[in-house]
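The lines below spell out each chain.
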Amino acid sequence: MLFNQRNNMSPLFCLISLLVPLASVAAPLPAPASQLKSAALTPLGAERQGNAEQSIPAWTGGITSPPAGYKEGEQHIDPYAEDKKLFTINAANADQYSDNLSSGQQALLKAYPDSWVMNIYPSRRSASYPEWVYAAIVKNATTAELIREGKGGVLKSQVSSPFPVPSNGLEAIWNHNLRWRGMRISRSNGTAAVTRDGLYNVVLQQQEIVVPYAFKNAGSFKERHQNMMLAFKTKTIQPALLSGNAGLFYEPINQTQAPRKSWIYSRNARRIIRVFAEYDFPAPNSDNLRTIDEFELFSGAPDRFDWKLLGKQEMYIPYNAYRLHSDKLVAADILAKQHINPALARYELHRVWKLEGTLKPGKRHIYSRRVLYL
C-alpha cells in the first residue's frame, strides 16, 4: 500500500453570498442537488448522521481552522494526538470484524499473524472543503453529464466531484478522479519497494501539481486549458543514481477528446522521451509492484472495465494518519521487512462506496477484476 502525503496545500477559504430578489421565487432544485441541501447529506453527498451504534459520529463540518500552534507551511499538527486506541484487530480476532474488513486486509492479517495488527481509534469526521467547493458540487449535481464513448469523461462539471449522489459505478469513478484536492500542490514524495529480505532504496521526488479544473474562477489559464484536469511534474532528488530524472504528465477531463500525455527525461540518455503511461503500465520507482492506474487508488481512463456500484459499507480504513506523516520519523521507522510499522498506523470506522470493476471482453489488463473502496 502506498500512501502519498500532501504538503503545503493552502486553499483559499471564503464565503459565497447568494442574493435573491424579493420578488422572485426560487425554482426547486433537481433531486440530487436538493438532497445536498437537506439535513440527510453533507455538501459532498456523504451521510450526515452517525450510525445506529454511534461508532461513526455525525458530520458537523470537519476541521475548519488549524490546530493551535500550527504555522502555514510547517508540518501538520496532529489534532487527535491525545486519542486513545479503542481496540486492536489481529489474526486471532479478525473473523469477529470481517464485515468491516476488505479481503486484502484479512489476507494481510492471515499472512503475518505474529506481527501485523490494525489499531482502531475513534472515528473523526475531519474532512472539510471551502464553501465555494460545496457550491460547485451542488451545481455539478444539476449539470454534469457522463461521456460514455471512447475512453470516457465528464461534461459540464467544475471544481470537484461531478456526481455527489452517484447512481452507477462509472459516476463513482469520475467522482474519485475529479475530487477536489487543492489548486496548486507542492510536495516531496518518498516511495520504497521493499524486497522479501527487507532491503529497499527510498526514492525521493519533488513534485509540482497544478489543477486547472479545481480553480475557483475561470481565469485565462483555466480557459486555455479547458480539458486539463491536472498537470503533474516530478523530479527525482535521490538516490544519486536516479537524481535528475524527471517526468511530466497531462491528465485530461475528456479522455475521448484527448488521452493522457506523458514525457520522461532520462539523465543518462540526456533526452526527453514520450511514453505511453496508462492502464497497467508499470508505475515508476515501484519495481513493477504497482500499475500506473493505481496511483492514488485509481487514476486515468476507466474504459477497460465495467464498473458496478455495490453500495455502501462500514469499513475500517486508514484515516487521520498524522502519525505516519510526522517529520520526526525516518524511513527506517516506518518500513519493516514484511509491512509498515503497525504502531504508526491509525484505522477508523467510516462509510465507503464499494465498487467492483470487471475487465471488459476483448480488453487487456493485468487485473481481470478489481474492488475499490471510495
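Refer to the structure presented above.
The structure reproduced in this document is the subject of the present report. (Residues numbered from 1 in each chain as written. Predicted model: local features only at pLDDT ≥ 70, side-chain atom pairs only at ≥ 80, totals over all residues. Heavy atoms only, no water.)

## Examining the overall build of the protein chain
- Scanning the protein chain from terminus to terminus reveals six helices and 13 strands.
- Computed over its C-alpha atoms, the radius of gyration of the protein chain comes to 21 Å, within 12% of the 21 Å expected for a compact globule of 374 residues.
- Projected onto the principal axes, the alpha-carbon positions of the protein chain cover approximately 75 × 55 × 50 Å.
- Among the 374 residues that make up the protein chain, the fraction classed as buried is 40%. (Helix = DSSP H or I, 4+ residues; strand = E, 2+ residues; numbered from the N terminus. Rg over C-alpha atoms; globule rule 2.2 N^0.38 Å. Buried < 20%, exposed > 50% of the residue type's maximum accessible area, 1.4 Å probe, protein only.)

## A closer look at the side chain of Asn227
- Assignment of secondary structure puts Asn227 in the loop between helix H5 (220–224) and strand S7 (228–238).
- Since its relative accessible area comes to 18%, Asn227 is described here as buried.
- Separated by 3.1 Å, the side chains of Asn227 and Gln257 make a polar contact. (Polar contact = N/O pair within 3.5 Å; in protein donor to acceptor, adjacent residues only side chain to side chain.)

## Some points on the sheet that holds S7
- The six strands are arranged S5-S6-S7-S8-S9-S10 in an open sheet whose pairing can be described as antiparallel. Looking at the sheet topology across the chains shown, the edges are occupied by strand S5 (184–191) and strand S10 (271–275). Put simply, the sheet's adjacent strands are angled 20 degrees from each other on average, direction ignored. (Pairing = 2+ DSSP bridges. Axes fitted to C-alpha atoms, helices over the stretch in contact; angles between N-to-C directions.)

## Some points on the packing of aromatic side chains
- Summed over all chains, the structure comprises 13 aromatic pairs.
- Here the aromatic rings of Tyr97 and Tyr316 are separated by 6.3 Å at their centres, their planes lie at 75 degrees, and the arrangement is edge-to-face. Taken as a pair, Tyr97 in the loop between strand S1 (87–89) and helix H2 (103–111) and Tyr316 in strand S11 (residues 305–318) lie far apart in primary sequence, 219 residues in all. You'll find Tyr97 and Tyr316 in the same group, each marked buried.
- With a centroid separation of 5.8 Å and 85 degrees between ring planes, the pair formed by Phe232 and Phe295 is classed as edge-to-face. Taken together, the residues Phe232 in strand S7 and Phe295 in the loop between S10 and S11 connect sequence positions 63 residues apart.
- By relative accessible area, which is 23% here, Phe295 ends up partly exposed.
- Connected via pairs of aromatic rings, a cluster forms that spans Trp59, Tyr129, Trp132, Tyr134 and Trp180.
- Directly above the ring of Tyr279 sits Arg304, whose terminal nitrogen or CZ lies 3.6 Å from the centroid. (Phe/Tyr/Trp six-rings, centres within 6.5 Å; stacked < 30°, edge-to-face > 60°. Lys NZ or Arg CZ within 6 Å of the ring centre and 35° of its normal.)

## Some details on helix H4 (residues 169–177)
- Taking burial as the measure, the nine residues of H4 include nine buried ones, the bulk of the element.
- Here H4 has its buried residues at Gly169, Leu170, Glu171, Ala172, Ile173, Trp174, Asn175, His176 and Asn177.
- Against strand S3 (145–147), strand S4 (153–155), S7, S11, strand S12 (347–359) and strand S13 (369–373) lie the buried residues of H4.
- The N-capping residue of H4, defined by a side-chain oxygen 3.1 Å from the backbone nitrogen of Leu170, is Asn168. (Contact = heavy atoms within 4.5 Å.)

## A few points about the pattern of salt bridges
- Scanning the entire structure with this criterion turns up 15 salt bridges.
- Glu47 is paired through a salt bridge with Arg351; the nearest N and O atoms lie 3.5 Å apart. A residue pair is termed long-range when its members are at least 10 positions apart, and Glu47 in the loop between helix H1 (31–36) and S1 and Arg351 in strand S12 qualify at 304 residues.
- A relative accessible area of 31% places Glu47 in the partly exposed class.
- Across the pair Arg370 and Asp293 runs a salt bridge, and its minimum N-O distance is 3.1 Å. Residue Arg370 is found in strand S13, and its partner Asp293 is found in the loop between S10 and S11; the two are separated by 77 residues along the sequence.
- On the basis of relative accessibility, which here comes to 7%, the residue Arg370 falls in the buried class.
- Sharing partners across several salt bridges, the network here consists of Asp83, Arg124, Arg346 and Glu348. (Salt bridge = Lys/Arg side-chain N within 4 Å of Asp/Glu carboxyl O.)

## Considering the nonpolar core
- Val133, Trp174, Leu178, Trp180 and Trp307 are the most contacted members of the largest nonpolar core, which has 40 residues in total.
- At the level of secondary structure, the elements contributing two or more residues to this core comprise H1, helix H3 (131–143), H4, S7 and S11.
- In this structure, Trp307 is in contact with Gly169, Leu170, Ile173, Phe298, Pro302, Leu355, Glu356, Gly357, Arg370 and Leu372, ignoring residues within four places of it in sequence.
- Counting 13 residues, the second-largest nonpolar core is a separate cluster that includes Tyr97, Trp116, Ile120 and Ala345. (Core = buried A, V, L, I, M, F, W, Y, C linked by side-chain atoms within 4.5 Å.)

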